[in-house]
Amino acid sequence: MAGSTFGNHFKITTWGESHGRGVGVVIDGCPAGLPLDEKDIQKFLDRRKPGQSKFSTQRKEADAVELLSGTFEGKTTGTPISLMVFNKDQHSKDYGEIANYYRPGHADYTFDMKYGFRDYRGGGRSSGRETIGRVAAGAIAAKILKQLGISFCTYTRSIGPVSISSSAKELLAGDLSEITEKILSNPLYMPEELPCQKAQDFLKSCMAKKDSAGGIIECAITGVPAGIGEPVFEKLDANLAKAVFSIGAVKGFEIGGGFASAASLGSENNDSFEQKDGKTTTVTNHSGGILGGISSGMPIIFRAAIKPTPSIAAPQKTITRDGENIEISIHGRHDPVIVPRAVVVVESMAALTLLDLILEHMGSRIESMAQFYRTIV
Ligand SMILES: Cc1cc2nc3c(=O)[nH]c(=O)nc-3n(C[C@H](O)[C@H](O)[C@H](O)COP(=O)(O)O)c2cc1C
Ligand SMILES: C=C(O[C@@H]1CC(C(=O)O)=C[C@@H](OP(=O)(O)O)[C@H]1O)C(=O)O
C-alpha cells in the first residue's frame, strides 16, 4: 500500500490497522537536541483517545505510547523516531457481518474494489485509529514550533446545527491560555458554554435515534512569521488542505473567508496593509494569513468540515459483496460524532505541514544559509 508517508523534510510514515497488533509512526527528519519523552506525546494522544465521554466510541483504549527509537538521555538524536501504541480492546466479532457487506459511507466498498482483499475488522487501515500515528508525530512538531513561538488554538466550531458565536479573531483577542483551558474542560472541545450544552442535547437526540452527527473544526495558528510556504506546488494553504483532507471523514476545507469570499467584492475581500507600531499587519484577515501560498504574518485560520460518523445502528440499505440488496443495522462501538476527537488530529496535521515548510524555507535565501553555515564551520 503506497501513500502512507507525509512531508518532505519532517517526514512521517504511519502504519497499522485498528484490530491488528498496534498502530504507530516513524518520523524521519526530526532535528537533534529536542528534549522529548513519552509524556510530551501522551498529552496529545489523550485528547484523541477513545472513551473520553459518552459522545465518543466506548472502545477502552489507554493509547499508551511507547517511544522505541530516536532519543538518548531525554533528547532527540536526529535519527528516525519510532512510536507505537498496542491495540488492547478490539471486538473483532462486531465485524463478522460487515465482512460480507459494504457499510454506506465507510471505505469498505472502495477498498474492496481496489485491493479485492481487506482487513475489515474495525475499518482496518481506513479506521480513525490510524490517526494515532499522526497525532504522536504532531505532538513533536508542535513542541518544536512552540520553541519558535508558534501556538495553536484548535476547537469545535459547530456540531450539527449548533455553532459557537465568537469568530476566531474574537477568540484570539482574549487570553490564549484561558481559552485553551475552556476548550480542554468540556467533552466537545468547544470554547463557549451555552452552545456546548445545546450541542450535547442535540447529540443525545441523535443517539436516541441510533444516528450520528458531524460538525466543523476551526484551527487558529499564531506566531507564524511572513514568508513560510513555497510559491507553486508546495503552497502553505495547498499543503494544509491536503493534510487536513487526508483525515478520514473530512469533507470540506476553508481558509480565511473561504467559500463566503466568492460572494464578496474585491473592495470588501482585500485585506488592506497597515504599518502599526513598526510592524506590517493587515486591517482584516480574509486571506486567513496566507497570500500566494506564503504566510503573511497574520494568524492562519482554517476550518475543516467533518461528516457524520458513517457506522450507525439506524436501519440502512446496502448490498452484500455478492451484489444482494439487504437492509442492515450496524453494531459495535462507534463515535456518535467524530468532531471532538478529530480536533487534535487537525491540529497535528497543521503542525506537521507548517514545520515541514519552515524546514524548506531555511534554504530559501543565500544570506541566511551563509550565516547559518558560518555558525557551524
Ligand atoms: C478520529 C476519527 C474517529 C472515527 N470514528 C469512526 C467510527 O467510530 N465509526 C465510523 O464508522 N467511522 C469513524 N471515522 C470515520 C471513518 O474512518 C471514515 O469515514 C472512513 O475512513 C471513510 O473515509 P471518508 O469519510 O473520508 O470517505 C472516524 C474518523 C476519525 C478521524
Ligand atoms: C478505536 C478508535 O476509533 C474507531 C474508529 C472507527 C472507524 O471506522 O474509523 C471505528 C471504531 O472502531 P472499533 O469498532 O474497532 O471500535 C472506532 O472505535 C480510535 O480512533 O482509536
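Provided above is the structure to which this section pertains.
Residues numbered from 1 in each chain as written. Chains lettered and ligands numbered in written order. Predicted model: local features only at pLDDT ≥ 70, side-chain atom pairs only at ≥ 80, totals over all residues. Heavy atoms only, no water.

Asker: Tell me what's going on with the overall build of the protein, and back it up with residues and numbers.
Answerer: Along its length, the protein carries 10 helices and 18 strands. Relative to a compact globule of 377 residues, whose C-alpha radius of gyration would be 21 Å, the protein shows 22 Å and is just as compact. Overall, the C-alpha framework of the protein stretches about 65 × 50 × 35 Å when taken along its three principal axes. Counting all 377 residues of the protein, 48% fall into the buried class. For the protein, the share of sequence-separated contacts (at least 6 apart) that also reach a separation of at least 24 residues comes to 71%. (Helix = DSSP H or I, 4+ residues; strand = E, 2+ residues; numbered from the N terminus. Rg over C-alpha atoms; globule rule 2.2 N^0.38 Å. Buried < 20%, exposed > 50% of the residue type's maximum accessible area, 1.4 Å probe, protein only. Contact = heavy atoms within 4.5 Å.)

Asker: Could you give me a rundown of the pairing of strand β17 (residues 316–319), with the residues and numbers involved?
Answerer: Burial along β17 is one-sided: the residues Q316 and T318 are buried and none of K317 and I319 is. Looking at chain direction, β17 and strand β18 (residues 325–328) are connected through four bridges and run antiparallel. When the sheet's bridge partners are listed, I319 is paired in β18 with N325. If you look at the hairpin formed by β17 and β18, you'll find five residues sitting between the two strands, and G323 has a positive phi there, around 90°. (Pairing = 2+ DSSP bridges.)

Asker: Tell me about the nonpolar core, and please be specific about residues and values.
Answerer: Counting residues in each nonpolar core, the largest one holds 85 residues, and the members touching the most others are F10, I27, L83, I140, I221, F302 and L354. It is helix α9 (residues 339–361) that provides the largest number of residues to this core, a total of 14 residues. Counting residues in each nonpolar core, the second largest holds five residues, with Y95, Y101, I328 and I330 among its members. (Core = buried A, V, L, I, M, F, W, Y, C linked by side-chain atoms within 4.5 Å.)

Asker: Pulling in residues and values, what's your account of the site of ligand 2?
Answerer: In the vicinity of ligand 2 lie 15 residues, with H19, R48, Y95, H106 and G128 positioned nearest. R129 is positioned with one of its side-chain polar atoms (N or O) 2.8 Å from an oxygen atom of ligand 2. When isolated, ligand 2 has an accessible area of 460 Å², and the protein chains bury 94% of it. Here the shell around ligand 2 is built from residues that sort into two nonpolar, eight polar and five charged. (Near = heavy atom within 4 Å. Polar contact = N/O pair within 3.5 Å; in protein donor to acceptor, adjacent residues only side chain to side chain. Areas by Shrake-Rupley, 256 points an atom, 1.4 Å probe, with all protein chains shown as cover. Nonpolar A, V, L, I, M, F, W, Y, C, P; charged D, E, K, R; others polar.)

Asker: Mind laying out the packing of aromatic side chains, listing which residues take part and the relevant values?
Answerer: One pass over the full model with this rule turns up three aromatic pairs. Ring geometry for Y102 and Y109: centres 5.2 Å apart, planes at 80°, overall edge-to-face. One cation-aromatic arrangement involves R47 over F44; the distance from NZ or CZ to the ring centre is 5.3 Å. (Phe/Tyr/Trp six-rings, centres within 6.5 Å; stacked < 30°, edge-to-face > 60°. Lys NZ or Arg CZ within 6 Å of the ring centre and 35° of its normal.)

Asker: Could you give an account of the sheet that holds strand β10 (residues 215–222), with specific residues and numbers?
Answerer: Taken together, five strands build an open sheet; the order of strands is β9-β8-β10-β16-β11 and the sheet is antiparallel. Each edge of the sheet is formed by a strand with only one pairing partner; in this case those strands are β9 (162–163) and β11 (250–255). Bridge count between strand β8 (residues 151–159) and β10: eight bridges; the pairing is antiparallel. By the bridge assignment for β10, S151 is matched with T222. Its contacts with the sheet put helix α5 (residues 176–184) on β8 and β10, and the angle it makes with β8 is roughly 45°. Where helix α7 (residues 236–245) meets the sheet, it contacts β11 and β16 (300–306), and its direction lies at approximately 160° from that of β11. (Axes fitted to C-alpha atoms, helices over the stretch in contact; angles between N-to-C directions.)

Asker: Any details on the pattern of salt bridges? Residues and values, ideally.
Answerer: All told, the structure shown has 18 salt bridges when counted by the stated rule. Put simply, D112 and R321 hold a salt bridge, and the shortest N to O gap is 2.6 Å. Of this pair, D112 sits in helix α2 (residues 108–115) while R321 sits in the loop between β17 and β18, placing them 209 residues apart in sequence. D112 gets classed as buried once you look at its relative accessible area, which sits at 5%. Judged by relative accessible area, which is 40%, R321 ranks as partly exposed. Taken together, the salt bridges that share partners define one network made up of R48, R59, E61, D63 and R129. (Salt bridge = Lys/Arg side-chain N within 4 Å of Asp/Glu carboxyl O.)

Asker: A description of the sheet that holds strand β7 (residues 81–86) should follow, citing residues and the corresponding values.
Answerer: On the basis of which strands lie adjacent, the open sheet formed by five strands has the order β1-β2-β3-β7-β4 and antiparallel pairing. Across the chains shown, the open sheet's two edge strands, defined by having one partner strand only, are β1 (5–6) and β4 (66–69). Note that β1 and strand β2 (residues 11–16) share two bridges and pair antiparallel. If you follow T5 over to β2, its bridge partner there is T13.

Read these as spatial facts, not as claims about activity.
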